[in-house]
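# Reading the structure
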Amino acid sequence: MARPTTAAAGTDVDAITDAVLTASRLLVAVSARSIAAAGDLITLPQFRVLVILHSRGALNHAALAELLNVTPSTTSRMVDRLTAVGMVARQNSPSSRREILIELTDEGARVVRLVTNRRRREIAKIVAKMPEHARHGLVEVLTAFTEAGSEPSVDATVDGIWG
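Overview of the structure. Keep in mind the model is a prediction, meaning the values are calculated, not measured.

### Description of the overall build of the chain
- Within the chain one finds eight helices and three strands.
- Reading the secondary structure of the chain in the N-to-C direction produces α-α-α-β-α-α-β-β-α-α-α.
- In the chain, buried positions account for 27% of the 163 residues.
- Considering only intrachain contacts with a sequence separation of at least 6, the fraction spanning at least 24 residues in the chain is 53%.
- Of the roughly 10,700 Å² that the chain leaves accessible, carbon and sulfur atoms contribute 58%.

Here it is, written out as structure tokens:
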């Protein structure tokens, strides 16, 4: 398949997908390095659990599994591991005695802040290397991309950890 011209590449789904895939490799590498700074306590998927709980508050297993797009049993295993290292806790729901909520502990919130701040610094260095004209429209485009993927905005996070 022939590659579209630069002008056409701006709207071509395949060209955009390739560009996002390439950028995602960089972002995954930044993410892996930032999580490694927190020690060997958590994995990237476990960090995702922490971020979801930080941004949305306490959730039950089913809601957390749905947001992670994994099975409830996978969520349960991740929560078990995160509970063992003190990053999340299980609590009885105040509205239903049969429901258990998973909530972030102070240690889990500390790790989210540590990892996010390190990630923020590394991404800022990368963005600063971009030519100024290439940054034009980036916020709008990335915001639309994250909204299409149902990711909560940074402004919607608890305690403003991203700011």
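Having seen the model, we can carry on.
### Observations concerning helix H6 (residues 106-129)
- Here H6 contains 24 residues, and its C-alpha end-to-end distance of 35 Å stays within 8% of the 34 Å for a straight helix at 1.5 Å per residue.
- Within H6, burial applies to Gly108, Ala109, Val111, Val112, Val115, Thr116, Arg119 and Glu122.
- Those residues of H6 that are buried are in contact with helix H2 (13-36), helix H3 (44-56) and strand S3 (100-104).

Calculation criteria
- Residues numbered from 1 in each chain as written.
- Predicted model: local features only at pLDDT ≥ 70, side-chain atom pairs only at ≥ 80, totals over all residues.
- Heavy atoms only, no water.
- Helix = DSSP H or I, 4+ residues; strand = E, 2+ residues; numbered from the N terminus.
- Buried < 20%, exposed > 50% of the residue type's maximum accessible area, 1.4 Å probe, protein only.
- Contact = heavy atoms within 4.5 Å.
- Areas by Shrake-Rupley, 256 points an atom, 1.4 Å probe, with all protein chains shown as cover.
- Expected span 1.5 Å × (residues − 1).

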